[in-house]
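Residues per chain are reported as follows:
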Amino acid sequence: MLRFRTLTEHDYDALAALDLAAQRALDPAFDTLPDRERESRLSTSLPALKFYERSEHSFVADGEGGLRGFVFAQSVWQGDRPLVFVRTLALAPGLTPELVDEAARGLLHAVVKSAYDTAVYEIHLPLTAELADAARAEEARVVGQYGVVHLGTRAQTAPGERLRPE
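Undergrad: Whenever I open this one, the nonpolar core confuses me. Can you help?
TA: A general trend in soluble globular proteins is that nonpolar side chains are found buried together. Residues Val86, Val111, Ile123 and Leu125 are the most contacted members of the largest nonpolar core, which totals 42 residues. Counting residues per element, the ones that place at least two in this core are α1 (12-26), α3 (46-54), β2 (59-63), β3 (66-78), β4 (81-91), α4 (97-117), β5 (122-126) and α5 (129-137). Filtering out sequence-adjacent residues up to four positions away, Leu125 remains in contact with Val86, Leu108, Leu131, Ala135, Tyr146, Gly147 and Val149.

Written as structure tokens, this is what we have:
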């Protein structure tokens, strides 16, 4: 069973370790890359962690044995309206498919709830393999290469093709 919560300063080391493990799982040659390339792929520099801790839209999935995933998201302005942009979702390597699904759905739902609670009614997210089912569960629409979750009455008139259950 996972618990979803905002990240704190006490999570920084575990977040950095999880980010590194996720990058190594994505690219087995990660450690052979030049320093600058490795640093640019990691999302957990100290300034980034401090920023996302304050963002109100970034969460961790905490489970037995430690952190199982995280999502970093932030509020941004697009034209005359705010939206929440999901920048990074990372999950611990080796999770069962059920835990991957639970973590991705729970983390995205936490972002959706935090957006709604701050009167932001649009969430943009990359349609990665990990987020596709979670986006379907939140009734996202495909707009370009992104999934967009519209909240409230905007969901009725939102552009794009609705993601349907498979």
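Undergrad: Teacher, can you tell me more about the pairing of β3 here?
TA: Consecutive side chains of a regular strand alternate in pointing toward one face of the sheet and then the other. Note: β2 against β3, five bridges, orientation antiparallel. Residue Asp62 lies in a different strand from β3, and its bridge partner there is Leu67. The hairpin turn running from β2 into β3, its antiparallel successor, is two residues long, and Gly65 in that turn takes a positive phi close to 95°. With ten bridges connecting them, β3 and β4 associate as antiparallel partners. Directly across from Gly69, in β4, lies its bridge partner Leu91. Here β3 folds back onto β4 in antiparallel fashion, the turn holding two residues, of which Gly79 has a positive phi close to 65°.

Undergrad: Help me understand the side chain of Ser43, please; the structure alone is not making it clear to me.
TA: Within the secondary structure, Ser43 sits in the loop between α2 (35-41) and α3. Judged by relative accessible area, which is 7%, Ser43 ranks as buried. Among the polar contacts made by the side chain of Ser43, one reaches the side chain of Arg87 at a distance of 3.0 Å. Within the local environment of Ser43, its side chain forms a polar contact with the side chain of Thr88, the two groups lying 3.3 Å apart. Ignoring sequence-local partners within four residues, the contact set of Ser43 consists of Asp19, Ala48, Phe72, Arg87 and Thr88.

Reading the values: rules and limits
- Residues numbered from 1 in each chain as written.
- Predicted model: local features only at pLDDT ≥ 70, side-chain atom pairs only at ≥ 80, totals over all residues.
- Heavy atoms only, no water.
- Core = buried A, V, L, I, M, F, W, Y, C linked by side-chain atoms within 4.5 Å.
- Buried < 20%, exposed > 50% of the residue type's maximum accessible area, 1.4 Å probe, protein only.
- Helix = DSSP H or I, 4+ residues; strand = E, 2+ residues; numbered from the N terminus.
- Contact = heavy atoms within 4.5 Å.
- Pairing = 2+ DSSP bridges.
- Polar contact = N/O pair within 3.5 Å; in protein donor to acceptor, adjacent residues only side chain to side chain.

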